[in-house]
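For reference, the chains in residue letters:
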Amino acid sequence: MKLDTIIYQHNNKTIYRDGDRCIKVFDESYSKADVLNEALNQARIEETGLKIPALHEVTMVDGKWAIVFDYIEGKTLAKLMEETPAKMEEYLNLLVELQLEAQSKTCPLLNKLKDKMNRKISQSTLDATTRYELHTRLEGMPKHNKVCHGDFNPANIIIATDGTPYILDWAHATQGNASADAARTYLLFCLSGNTAVAEAYLNLFCQKSDTAKQYVQKWMPIVAASQSVKGNEEEREFLLSWANVMDYE
């Protein structure tokens, strides 16, 4: 196993390429349970038939946990958007189509989205009154069992050299309400400063899924609060500002 070529590095994980394999190495601070859960998610999503890199191994590298999976030659959708902004509409269409394809699947052994969000809201720095309102709103939302990626954005889509799109990074996958996953994607666009693209994405998702925009918007404070637990200070402040908008319209 060669760790010579770094293809991605972020916070507490580094992905290396070794021939036709990727080795994702987590640093010592990363929870063993989280590493094993990510590998389990990937294995379970493979069984749905979605196009994702196949998982091969969970191992240790120099005392650190690592996951080994297929290397997909190609460019991310984020890179393509950056290189050819004139094709943004086409790329957003593809993004939404892939998200809807994932959400058309069920995977009964995945963790439940509502359970994860309730836990994260409880861990947030929001005041007790706001947490109570968010928990109440979450409990009132319809229970679904669709595959939700949890971090669905153009950087996690890779277009292979033969044109086949693959969905990467299933660390945050759950089963639950598709509109919560759409709210997460919308907020990710906003976090990157692309508010116009965020609005275009949301309009497209609602149109293609026949979902009321207001319904996705109802999820946004809940999703923002649950995501505020991680991330840097600037992102946390942004997300908490959304979480405090209790009746966002």
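The text that follows walks through the structure, step by step, so that each part is easy to find.

What counts as what
Residues numbered from 1 in each chain as written. Predicted model: local features only at pLDDT ≥ 70, side-chain atom pairs only at ≥ 80, totals over all residues. Heavy atoms only, no water. Pairing = 2+ DSSP bridges. Helix = DSSP H or I, 4+ residues; strand = E, 2+ residues; numbered from the N terminus. Axes fitted to C-alpha atoms, helices over the stretch in contact; angles between N-to-C directions. Phe/Tyr/Trp six-rings, centres within 6.5 Å; stacked < 30°, edge-to-face > 60°. Buried < 20%, exposed > 50% of the residue type's maximum accessible area, 1.4 Å probe, protein only. Salt bridge = Lys/Arg side-chain N within 4 Å of Asp/Glu carboxyl O.

On to the sheet that holds strand S5 (residues 64-70). What the five strands build is an open sheet, ordered S1-S2-S3-S5-S4; its pairing is antiparallel. Two strands lie at the open edges of the sheet, namely strand S1 (5-10) and strand S4 (55-61), each paired on one side alone. Across the sheet, the mean angle separating the axes of adjacent strands is 20 degrees when strand polarity is ignored. Pairing of S4 with S5 involves six bridges; the strand directions are antiparallel. Note that in S5 the partner of valine 61 across the bridge is lysine 64.

Glancing now at the packing of aromatic side chains. In this structure the tally under the stated criterion is five aromatic pairs. Here the aromatic rings of phenylalanine 26 and tyrosine 30 are separated by 4.6 Å at their centres, their planes lie at 45 degrees, and the arrangement is tilted. Judged by relative accessible area, which is 1%, phenylalanine 26 ranks as buried. Aromatic side chains tyrosine 186 and tryptophan 242 sit 6.0 Å apart centroid to centroid with 75 degrees between the ring planes, which places their arrangement in the edge-to-face category. Of this pair, tyrosine 186 sits in helix H6 (residues 178-191) while tryptophan 242 sits in helix H9 (residues 233-243), and the two are 56 residues apart along the sequence. By relative accessible area, which is 4% here, tyrosine 186 ends up buried. On the basis of relative accessibility, which here comes to 12%, the residue tryptophan 242 falls in the buried class. By the ring-pair criterion, three or more aromatic residues cluster together here, those being Tyr186, Phe238 and Trp242.

For the rest of this paragraph, the subject is the pattern of salt bridges. Think of it this way: side chains of opposite charge can pair up when their charged atoms draw near. Throughout the structure, instances matching the rule amount to nine salt bridges. Between lysine 24 and glutamate 38 there is a salt bridge, and its shortest N-O distance comes to 2.6 Å. Highlighted residues: lysine 24 in strand S3 (residues 21-26) and glutamate 38 in helix H1 (residues 32-46), separated in sequence by 14 residues. In this pair, the class of lysine 24 matches that of glutamate 38, namely buried.

Shape is all these values report; function is a separate question.
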